[in-house]
Amino acid sequence: MPWAHIDNIGIQNYGICKDGTGDCGCGTGPGYATPLDAMNGPRERIIYVPCILTGTGIGTQEPDYLATVDVDPESPTYCQVIHRLPMPYVNDELHHSGWNACSSCFGDTTKKRNRLVLPCLGSSRIYVVDTGTDQRAPRLYAVIEPREVFQKCDLAFPHTSHCLGSGEIMISAIGDPRGNAKGGFVLLDAETFEVKGNWERPTQAAPQGYDFWYQPRHNVMMSTEWGVPKFFVTGFNPADLGKGRYGRRLNVWDWTTHCLLQSIDLGEDSGPFEIRFLHNPDAAHGMVLCTFKGAVFHFYKTQDGCWTADKVIEIPSKKVSGWLLPEMPAFNTDMLISLDDRFMYMSNFIHGDVRQYDITNPFSPRLVGQVWVGGSIPKGGVVTVLEDQELDGQPDPVLIQ
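Residues numbered from 1 in each chain as written. Predicted model: local features only at pLDDT ≥ 70, side-chain atom pairs only at ≥ 80, totals over all residues. Heavy atoms only, no water.

Novice: Looking at this structure, I do not really get the overall build of the chain. What am I missing?
Specialist: A count of helices and strands for the chain gives three helices and 27 strands. Across its three principal axes, the chain shows a C-alpha extent of roughly 60 × 55 × 45 Å. Each of the 401 residues in the chain was classed as buried or not, and the buried ones make up 52%. Relative to all contacts within the chain whose residues are 6 or more apart in sequence, the contacts with residues 24 or more apart total 52%. Entry remark: accessible area of the chain is about 17700 Å², with carbon and sulfur atoms responsible for 51%. (Helix = DSSP H or I, 4+ residues; strand = E, 2+ residues; numbered from the N terminus. Buried < 20%, exposed > 50% of the residue type's maximum accessible area, 1.4 Å probe, protein only. Contact = heavy atoms within 4.5 Å. Areas by Shrake-Rupley, 256 points an atom, 1.4 Å probe, with all protein chains shown as cover.)

Okay, structure coming up:
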């Protein structure tokens, strides 16, 4: 279904084994020993793509589904959707996916990467999908109902799922069951998928939540803040800006004690969104996107052991007519960093371009690539760009047959 919103793609962290088992070390556990080993490993042959019908206005009684896409150039079904797994309920809003085990468990031969975890932002349900029995036709393995998360964690609106070296799965939450903001974390047992409770210490939840990334060698985890769920779940309202209803902080946690140590203020309504550390496990650097400002902050550890963040990229808004507001932000929503830490790739959801930055020097990224794939400003659309600091004209529309 071409109108389905596509969210984070599920590929196995640091590659896929040639034998298709979900392990790549052939007896050394899931994943790779290092990111560079992964970069030199075999390419992925299939990817899993959450496709969201919730809120599209089309097929509103249709459930979201997980698409399996063949990306093996030697396959007769290359670049085709070869399987669709519909969820059993409607209005889930599948979001970021994660694995039950990954390279954080490398070396543990008892672990297999064979379950895909799918948190639902809309329903607060969590699905577990079996990708091990048949990688080309995954099946539903378990459903964690919202009430279990509500009762054990007082959390709701689950977002990002990461597997941990401890054999647990950690999922960030954006709020509580009443729709208030609350930046806590749900812990699941990666074997039984039982909800174990909260990762953060009692009374230690951040004011707001969204994404997170951890770096054990520096005993740190970073989390971001999007907004207050009861205000954004029905759609964006400009009247909510300037009232503390959207996030502004980058939160710094002690990875060992699970305590909130520090909050870095990135500015009112900055909306810190996706966050990534560099892949080098010794590196104390990373990048975080700020959606409303079209900005990217470089965060890093200082000599005194604290953390700070500097704005290193800012994409100017475009003055427009025919849109919700007179100025259109880039709304940079997702990004990834190449396994060798050379490049950052960032998507601008509203402007419609994907950018490649050289981040060899993270203090001064350089734009080295850009491609237009959609967005709200192509020629012939309802939006007219009146003033643009970057482009001489509106981009051509992208047509896919």
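That was the structure; now back to the text.
Novice: Is there a simple way to explain the environment of Ala38 in this structure?
Specialist: Tracing the backbone shows Ala38 in helix 1 (residues 35–39). For the pair Ala38 and Gly122, spaced 84 residues apart in the sequence, the C-alpha separation amounts to 34 Å.

Novice: Can you walk me through the nonpolar core in this structure?
Specialist: As a rule of thumb, nonpolar side chains are buried together in soluble globular proteins. Formed by 18 residues in total, the largest nonpolar core has its most connected members in Ile174, Trp226, Met328 and Ile377. With sequence-adjacent residues up to four places away left out, Ile377 is seen in contact with Lys318, Met328, His351, Trp372, Val383, Val385, Leu391, Gln394 and Pro395. (Core = buried A, V, L, I, M, F, W, Y, C linked by side-chain atoms within 4.5 Å.)

Novice: Help me out: how do you make sense of the side chain of Asn348 in this one?
Specialist: Mapped onto the secondary structure, Asn348 falls in strand 24 (residues 343–348). Its relative accessible area of 2% is what places Asn348 among the buried residues. Not counting the four nearest positions on each side in its chain, Asn348 is found in contact with Ile315, Ala330, Phe331, Asn332, Asp353 and Arg355.

Novice: How should I be thinking about the pairing of strand 3 (residues 65–70) in this particular structure?
Specialist: Across a regular strand the side chains alternate sides, sitting on one face of the sheet and then on the other. Counting buried residues in strand 3 gives six out of six residues, a clear majority hidden from the surface. The two faces of strand 3 match: Tyr65, Ala67 and Val69 on one face and Leu66, Thr68 and Asp70 on the other face are all buried. With six bridges connecting them, strand 2 (residues 46–52) and strand 3 associate as antiparallel partners. Each residue of the ladder has a partner; that of Val49, found in strand 3, is Ala67. Bridging between strand 3 and strand 4 (residues 81–86) involves five bridges; their strand directions are antiparallel. Note that in strand 4 the partner of Tyr65 across the bridge is Pro86. (Pairing = 2+ DSSP bridges.)

Novice: Mind showing me how you'd approach the packing of aromatic side chains here?
Specialist: Aromatic rings in a pair are described by how distant their centres are and how their planes are angled relative to each other. As enumerated under the stated definition, the model contains 25 aromatic pairs in all. Relative to Tyr345, the ring of Phe343 has its centre 6.4 Å away and its plane inclined at 55°; by these criteria the two rings are tilted. In textbook terms, an aromatic cluster arises when at least three aromatic residues are bridged by ring pairs, as seen for Tyr210, Trp226, Phe232, Phe236, Tyr246, Phe273, Phe292 and Phe331. Its end group placed over the ring of Tyr89, Arg125 keeps NZ or CZ at 3.8 Å from the ring centre. (Phe/Tyr/Trp six-rings, centres within 6.5 Å; stacked < 30°, edge-to-face > 60°. Lys NZ or Arg CZ within 6 Å of the ring centre and 35° of its normal.)

Novice: Mind showing me how you'd approach the state of the cysteines here?
Specialist: Note: disulfide means a covalent bond formed between the sulfur atoms of two cysteine side chains. Following the criterion strictly, the structure yields one disulfide and no others. Covalently, Cys102 is tied to Cys163 through a disulfide, its sulfur atoms 2.3 Å apart. Taking the sign of the S-S torsion, about 135° here, the bridge from Cys102 to Cys163 comes out right-handed. Within this pair, whereas Cys102 is found in the loop between strand 5 (98–99) and strand 6 (115–119), its partner Cys163 is found in strand 9 (residues 156–163), the two being separated by 61 residues in sequence. The class of Cys102 is buried, set by a relative accessible area of 6%. Look at Cys163 and you get buried, because its relative accessible area is 3%. With no disulfide of its own, Cys79 has Cys51 as its nearest cysteine by sulfur position, at a separation of 15 Å. Among the residues examined, Cys79 registers a relative accessible area of 55% and is labelled exposed. Not part of a disulfide, Cys290 finds its nearest cysteine sulfur in Cys306, a span of 20 Å. (Disulfide = S-S within 2.5 Å.)

Novice: Which parts of the structure should I look at to understand the pattern of salt bridges?
Specialist: Side chains that differ in sign of charge can pair as their charged atoms come close. Applying the stated criterion to the full structure yields 26 salt bridges. Among the ionic pairs, Arg125 bridges to Asp92, the shortest N-O distance being 2.7 Å. Separated by 33 residues along the polypeptide, Arg125 in the loop between strand 6 and strand 7 (126–130) and Asp92 in the loop between strand 4 and strand 5 bring together distant segments of the chain. On the accessibility criterion, Arg125 (11% relative accessible area) is buried. Arg249 is paired through a salt bridge with Glu225; the nearest N and O atoms lie 2.9 Å apart. Placement of the pair is Arg249 in strand 15 (residues 249–254) and Glu225 in the loop between strand 14 (220–223) and helix 3 (229–232), with a sequence separation of 24 residues. The partly exposed category is assigned to Arg249, whose relative accessible area is 22%. We classify Glu225 as buried; its relative accessible area is 0%. Where salt bridges share partners, they join Lys318, Asp353, Arg355, Asp388 and Glu390 into one cluster. (Salt bridge = Lys/Arg side-chain N within 4 Å of Asp/Glu carboxyl O.)

Novice: Help me out: how do you make sense of the environment of Arg84 in this one?
Specialist: As for its placement among the helices and strands, Arg84 is situated in strand 4. With 298 residues separating them along the chain, Arg84 and Val382 place their C-alpha atoms 33 Å apart.

Novice: Is there a simple way to think about the pairing of strand 12 (residues 195–198) in this case?
Specialist: Both strand 11 (residues 185–189) and strand 12 contribute to a ladder of three bridges, which runs antiparallel. Residue pairing for strand 12: Leu187 is matched across the bridge by Gly197. Remark: five residues form the turn of the hairpin made by strand 11 and strand 12, two consecutive strands paired antiparallel; Phe193 in that turn has positive phi of roughly 60°.

The values are spatial; any link to function lies outside them.
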